[in-house]
Amino acid sequence: MKRVLSGIQPSGQLTLGNYIGALRNFGKLQHTHECFFMVVDLHAVTVPQEPAALKEQSEAVAALFIASGIDPAKSNVFMQSHVTAHAELGWLLTTLTYMGELERMTQFKDKSSGKESVGAGLFTYPSLMAADILLYNADLVPVGDDQKQHLELTRDLAHRFNTRYGQTFTIPEPYIPQVGARIMSLDDASKKMSKSNPNAGSYIAMLDEPDVIRKKISRAVTDSGREVKFDPQGKPEVSNLISIYAQCADMTVQEVEAMYEGQGYGPFKKDLAERVVAVLEPIQQRYRDIRGSGELHSFLRQGAERAAAAAQPVLRQVKEKMGFLVF
Ligand code: AQP
């Protein structure tokens, strides 16, 4: 079975963007692949996190993995910081990464722009992400469009290591959904929907109450026209809402356009809100059940044990090849 690995940062409340771009596909892949799904807490601290919030969000993300359809008995669900090999291989790969490669990363440019001081971890984080993936010799990495550049770096680092020290790492392939790979912000369609956006109206959180979802969608920015038409260049806001609709209703964008021809934005937005609620409500119910059951920690402990068993031999091999004294 081919291996799949992906992760989500506990850097805020998971959004509909995280669900459509990532989580939803995780559940599907576990039937045909051996899967490793992590809560990447070491990545979250590349920007300041309030300790109590980090702990709560980490549990929430893990519970949302399971509530979204990942079976912890079938897939390996774990916290990145529980498998220490990530930090270790992360450092080793940092020493193989060039400054220029990291300077080119658009996510670093976005997250650091306008900030007076930026932590070094934000800069070197793509090397840690490479370690996350290569540690398991993952074949496939399901990510949204925004992570494509980081995955390219992972592939380059794997090639570099294999060339310098001999065949060690599998070169991973990105698995990017064709539609929904980039869900945009509700208040600004030039930015992706992001859980760390300080304006909560810019995203739909997976745990937003139905009435909050309705309100956010009714306030979502559109344009001065009234045509429900998919035209990402000319009508980016409406096109984003059509994408969300298509994803939540399992329809094509053309089917959505045809359904609302001549009807204006009002009925479209009202129905869209109900489509989103219909997707998120059952997940929210399962989420409450999981958090209430008290089983989450034991799932995470088992997941970390299995992940560590897979990761340790790879780390050992890397250290031996690099010339570390390994007993
Ligand atoms: N808006 C989005 N549309 C589609 N996919 C998305 N992803 C994130 N936002 C969107 C995908 O979700 C996975 C996990 O992402 P992450 O939390 O590790 O980091 P991120 O990409 O930086 O996500 P956020 O929400 O924007 O977090 P913050 O605000 O903390 O940086 C990835 O597969 C990502 O592609």
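Just so we're clear, the structure is a prediction, and the values are computed from it rather than from any experiment.

Caption draft 1: Examining the pattern of salt bridges more closely. Applying the stated criterion across every chain yields a total of 15 salt bridges. Between Glu 56 and Arg 291 there is a salt bridge; the shortest N-O distance is 2.8 Å. Placement of Glu 56 in helix H3 (residues 51-67) and of Arg 291 in helix H12 (residues 265-293) is noted, with a sequence separation of 235 residues between them. Since its relative accessible area comes to 40%, Glu 56 is described here as partly exposed. Across the pair Asp 145 and Arg 182 runs a salt bridge whose closest N-O atoms are separated by 3.3 Å. Taken as a pair, Asp 145 in the loop between strand E4 (140-142) and helix H8 (148-165) and Arg 182 in the loop between strand E5 (173-175) and helix H9 (210-219) lie far apart in primary sequence, 37 residues in all. Overall, Arg 182 belongs to the partly exposed group, its relative accessible area being 40%. Through salt bridges with shared partners, a single ionic network connects Glu 56, Glu 59 and Arg 291.

Caption draft 2: Local environment of the nonpolar core. Core analysis: the biggest nonpolar cluster contains 61 residues, and Leu 23, Phe 65, Ile 244, Val 276 and Leu 280 have the highest contact counts within it. Here the element with the most residues in this core is H12; it accounts for 11 residues. There are two domains that each give this core at least three residues, and those are domain 1 (3-176 + 294-322) and domain 2 (200-288). When near neighbours in sequence (up to four residues on either side) are disregarded, Leu 23 contacts Ile 8, Leu 14, Asn 18, Leu 64, Phe 65, Ser 68, Ile 70 and Met 206. Among the nonpolar cores identified, the runner-up in size contains 40 residues, and Val 40, Phe 78, Phe 108 and Ile 133 belong to it.

Caption draft 3: Layout of the site of the ligand. Near the ligand you find 23 residues, and of these Ser 11, Lys 111, Ser 194, Lys 195 and Ser 196 are the closest. The protein chains hide 98% of the 640 Å² of surface that the ligand would expose on its own. Among the elements of the structure, strand E1 (3-8), helix H1 (16-29) and helix H6 (106-112) are those that each provide at least two residues to the shell around the ligand. Taken together, the residues that form the shell around the ligand break down as six nonpolar, 12 polar and five charged.

Conventions used here
Residues numbered from 1 in each chain as written. Predicted model: local features only at pLDDT ≥ 70, side-chain atom pairs only at ≥ 80, totals over all residues. Heavy atoms only, no water. Salt bridge = Lys/Arg side-chain N within 4 Å of Asp/Glu carboxyl O. Helix = DSSP H or I, 4+ residues; strand = E, 2+ residues; numbered from the N terminus. Buried < 20%, exposed > 50% of the residue type's maximum accessible area, 1.4 Å probe, protein only. Core = buried A, V, L, I, M, F, W, Y, C linked by side-chain atoms within 4.5 Å. Domains from an automatic or database assignment. Contact = heavy atoms within 4.5 Å. Near = heavy atom within 4 Å. Areas by Shrake-Rupley, 256 points an atom, 1.4 Å probe, with all protein chains shown as cover. Nonpolar A, V, L, I, M, F, W, Y, C, P; charged D, E, K, R; others polar.

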